[in-house]
Amino acid sequence: QVQLVESGGGMVQAGGSLRLSCATSRNIFGINTMGWFRQAPGKQRELVATITRGGSTNYADSVKGRFTISRDNAKNTVYLQMNSLKPEDTAVYYCNAGGRYLTGRPYDLWGQGTQITVSA
């Protein structure tokens with residue numbers, strides 16, 4: 001089964017930067033949208049940013065102008081560049097990939113999550 005492998009989490013002071021990466025464990029057909037979600041303690045998981053295969057992006061209002069999502073379709077990899085980090089960005093960040101197999105059956109994959117902690 002294909003997995004999403006995340007890297008790049010960690011601790012940073014407010015105002016700092018981090019870059020997350022997420023790649024599929026092996027090649028998979030038909031990925032359309034890839035993205036990042038996050039979940040802070042006691043809160044629901046929320047969308048951070050998504051990007052389609054064609055490069056269209058969508059951001060949560062709280063990260064617009066600070067975070068940039070990009071992807072390498074050839075490598076089935078998505079990135080999240082996070083600048084000007086704030087303590088309220090502290091959360092577990094999850095990678096997501098959605099698409100359809102050759103059979104037409106849809107799939108929705110999730111990474112294991114990576115912790116981002118921003119100190120004041």
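Quick look at the structure, then. (Residues numbered from 1 in each chain as written. Predicted model: local features only at pLDDT ≥ 70, side-chain atom pairs only at ≥ 80, totals over all residues. Heavy atoms only, no water.)

1. Concerning the pairing of strand β4 (residues 31-39)
And then number 1: Judged from the 8 bridges that link them, β4 and strand β9 (residues 91-100) form a sheet pairing that is antiparallel. The residue of β9 that forms the bridge with T33 is G98.
And then number 2: Here 5 bridges tie β4 to strand β5 (residues 46-51), and the two strands are oriented antiparallel to one another. Bridge pairing in β5 places M34 opposite I51.
And then number 3: As consecutive antiparallel partners, β4 and β5 are separated by 6 residues, and within that stretch G42 has a phi angle of approximately 75°, a positive value. (Pairing = 2+ DSSP bridges. Helix = DSSP H or I, 4+ residues; strand = E, 2+ residues; numbered from the N terminus.)

2. What about the nonpolar core?
And then number 1: One finds W36, L80, M82 and Y93 to be the most contacted residues of the largest nonpolar core, which totals 31 residues.
And then number 2: At the level of elements, β3 (18-24), β4, β5, β7 (67-72), β8 (77-82), β9, β10 (106-110) and β11 (114-119) are the ones that each hand at least two residues to this core.
And then number 3: In terms of residue count, the dominant contributor to this core is β9 (4 residues). (Core = buried A, V, L, I, M, F, W, Y, C linked by side-chain atoms within 4.5 Å. Buried < 20%, exposed > 50% of the residue type's maximum accessible area, 1.4 Å probe, protein only.)

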